[in-house]
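Secondary and tertiary structure notes
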Amino acid sequence: MKEVLAFIRKEFKHIFRDKRTILIVLVMPVVQIVLFGFAISTEVHNAVVDVVGDMTDPSVRRIVNSIDANEYLEIGEILPSGAMVESRIRKGKAKAAVCFEKDFDRHLKADGRASVEIIGDGADPNSAQIVTSYIKGVISSEQLSISSSSTRGGVSMRPNVQLMYNPAMNSSYNFVPGVMGLILMLICSMMTSVSIVKEKELGTLELVLVSPVKPFWIILSKLTPYLALSIINLASVLLLSRFVMDVPMNGSLALLLLVSIIFIGSSLGLGLLVSVISSTQQTAMMLCGMGLTMPTMMLSGLIFPCESMPAALQLFSDIIPAKWFIIMVKKIMIQGVGVSAIVKELSILTGMMVFLLWISIKNFKTRL
């Protein structure tokens, strides 16, 4: 029995000797259950809704105040015409718009009927469906309230829902950009980190680094095959999305390729960073799987809208490169925007790529 206890103590010492493994095994599950417990929500909070209508109209003002009082919605701007709705949605400043017909209150009182149009951003069909259902619920509630207080009986507001960019509510419009980000992240970060750590374990990387070639060029040569494979995967996904899933390419293909290459560069930087802090392939796999892949799936807007998360998690999602990549892919492919509409996202992603590659290569050279 003493011998068995001695072996058990020895195994515990082996485990606790590797601080990174202890951090992954004991701390990361706690962090993830807290993060995902708050992140997994299909609700959309604080969705900005623009209004097209006469705010001096009593019925319009009453409905707008009810929308603003809803805990999931907030009024953005009062627009003078419906022509400005598309521009606001394209720039991401509004999730939807409610357009009231002219003389809304007069039609409601005279005929008992008045038309309301709800315009949503179909580029994200899940969020659009949720936001429009919130607005329809408010309008239905106001319709019942007005009907009960009206002397002429029931009234009808006839809300008409229109989804820009995706009227058929095709889920692939939301699915394909997210899958592109996930695939490129997996290929670049996981495969790069594991392959480099494998050479560390075998001792072959140190032998390569003593060659006359400078370490920077050796590292660059190791990253190039994964860059090429990622570009091939990108082309495959784009072809399948266009000709199999019927996802449109309304924007510039060259701009999409530029954005994708920048995202690939940031993913390669993450892979290098994981290889720097990992001593074994198992550690690298766990860091990529639990530390990169899961947050990318849960906190980048791929499955759950970032707007539904608490403010702290929204800030955390801002440091995930895939979030900005997915936003830009949706805008380019579905909304057909140009570079001027994605300057913010493109600048952030480019900064991430430069920072990750710089810090990873710098630390990689000092460790080897």
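Please read these numbers as outputs of a predicted model, since none were measured by experiment.

Focus: the pattern of salt bridges
When charged atoms on two side chains of opposite charge get close, those side chains can pair. Applying the stated criterion to the full structure yields seven salt bridges. Residue Arg-88 pairs with Glu-77 through a salt bridge whose shortest N-O separation is 3.4 Å. Highlighted residues: Arg-88 in helix α4 (residues 85-90) and Glu-77 in strand β2 (residues 73-79), separated in sequence by eleven residues. Residue Arg-88 is classed as buried on the basis of its relative accessible area, which comes to 12%. Relative accessible area serves as the criterion here: at 39%, Glu-77 is assigned to the partly exposed category. The partner of Lys-331 in a salt bridge is Glu-345, and the shortest N-O contact between them spans 3.3 Å. Pair noted here: Lys-331 is in helix α13 (residues 321-335) and Glu-345 is in helix α14 (residues 343-367), with a separation of 14 residues, a long-range link. Exposure class is identical for Lys-331 and Glu-345. Each is buried. Each member of the salt-bridge network shares a partner with another, and the members are Asp-50, Glu-77 and Arg-88.

Observations concerning the sheet that holds strand β5 (residues 159-164)
Taking strand neighbours across the sheet as the criterion, the five strands line up as β2-β1-β3-β4-β5 in an open arrangement whose pairing is mixed. The sheet terminates laterally at β2 and β5, the two strands that pair on one side only. The average undirected angle you get between the axes of adjacent strands in this sheet is 25°. Pairing of strand β1 (residues 47-52) with strand β3 (residues 96-100), which is carried by four bridges, proceeds in the parallel orientation. Note on β3: the bridge partner recorded for Val-52 is Cys-99.

Here's the deal with the pairing of β1
When you tally the buried positions in β1, you get five out of six residues, the bulk of the element. The sheet contact formed by β1 and β2 spans five bridges and is parallel. Within β2, the residue paired with Ala-47 across the bridge is Leu-73. The parallel pair β1 and β2, bridged by helix α3 (residues 58-69), forms a crossover whose chirality is right-handed.

A closer look at the packing of helix α10 (residues 253-277) against α13
Direction vectors running N to C along α10 and α13 enclose 170°, while the axes themselves pass 10 Å from each other. Comparing their axes, α13 and α10 come out roughly antiparallel. Contact with α10, carried on its side by Leu-255, Leu-256, Val-259, Ser-260, Phe-263, Ser-266 and Leu-270, involves Pro-321, Ala-322, Phe-325, Met-328, Val-329, Ile-332 and Met-333 of α13 and no other residues of that element. Taken together, the residues of the contact of α10 with α13 break down into twelve nonpolar, two polar and no charged.

A word on the packing of aromatic side chains
Counted under the stated rule, the structure contains three aromatic pairs. Plain terms: the ring middles of Tyr-72 and Tyr-134 are 4.7 Å apart, the flat faces sit at 15° to each other, and that makes the pair stacked. Pair noted here: Tyr-72 is in the loop between α3 and β2 and Tyr-134 is in helix α6 (residues 125-149), with a separation of 62 residues, a long-range link. Given a relative accessible area of 17%, Tyr-72 falls into the buried group. For Tyr-134, a relative accessible area of 18% gives the class buried. Between Phe-100 and Phe-104, the aromatic rings sit 5.2 Å apart at their centres with planes inclined by 80°, giving edge-to-face as the arrangement. Across the pair, exposure class does not vary: Phe-100 and Phe-104 are buried alike. Lying over the aromatic face of Phe-243, Arg-242 brings its terminal NZ or CZ to 5.9 Å of the ring centre. Taking NZ or CZ as reference, Lys-323 lies 5.0 Å from the ring centre of Trp-324, over its face.

Describing a nonpolar patch on the surface
Side chains of Phe-175, Leu-239, Leu-240, Phe-243, Val-244 and Met-245 sit close together on the surface and give an oily, nonpolar patch of about 640 Å² of accessible area. Looking at which element gives the most residues to the nonpolar patch, the answer is helix α9 (residues 215-243), with three residues. Checked against the element boundaries, Leu-239 lands in helix α9.

Remarks on the environment of Ser-59
Tracing the chain through its elements places Ser-59 in helix α3. By relative accessible area, Ser-59 is classed as buried at 8%. Along the chain, Ser-59 and Ile-146 lie 87 residues apart, while their C-alpha atoms are 8.9 Å from each other. Those residues in contact with Ser-59, other than ones at most four positions away along the chain, are Phe-104, Asp-105 and Leu-108.

A look at the nonpolar core
The biggest cluster of nonpolar side chains holds 62 residues, and the ones touching the most others in it are Val-85, Met-180, Val-259, Phe-263, Phe-325, Met-333 and Ile-342. Elements with a minimum of two residues in this core: α4, β3, α7 (172-202), α9, α10, α11 (281-299), α13 and α14. The residues touching Phe-263, leaving out its near neighbours within four places in the chain, are Gly-181, Leu-184, Met-185, Pro-321, Ala-322, Phe-325 and Leu-349. Judged by nonpolar contacts, the second largest core, of 27 residues, contains Val-49, Ile-63, Tyr-72 and Ile-118.

Cut-off values and rules
Residues numbered from 1 in each chain as written. Predicted model: local features only at pLDDT ≥ 70, side-chain atom pairs only at ≥ 80, totals over all residues. Heavy atoms only, no water. Salt bridge = Lys/Arg side-chain N within 4 Å of Asp/Glu carboxyl O. Helix = DSSP H or I, 4+ residues; strand = E, 2+ residues; numbered from the N terminus. Buried < 20%, exposed > 50% of the residue type's maximum accessible area, 1.4 Å probe, protein only. Pairing = 2+ DSSP bridges. Axes fitted to C-alpha atoms, helices over the stretch in contact; angles between N-to-C directions. Right-handed = clockwise from strand over helix to strand, strands pointing away. Parallel < 35°, antiparallel > 145°, perpendicular 65-115°, else oblique. Contact = heavy atoms within 4.5 Å. Nonpolar A, V, L, I, M, F, W, Y, C, P; charged D, E, K, R; others polar. Phe/Tyr/Trp six-rings, centres within 6.5 Å; stacked < 30°, edge-to-face > 60°. Lys NZ or Arg CZ within 6 Å of the ring centre and 35° of its normal. Patch = residues over 30% accessible without salt bridge, like charges linked within 9 Å, V, L, I, M, F, W, Y side chains within 5 Å. Areas by Shrake-Rupley, 256 points an atom, 1.4 Å probe, with all protein chains shown as cover. Core = buried A, V, L, I, M, F, W, Y, C linked by side-chain atoms within 4.5 Å.

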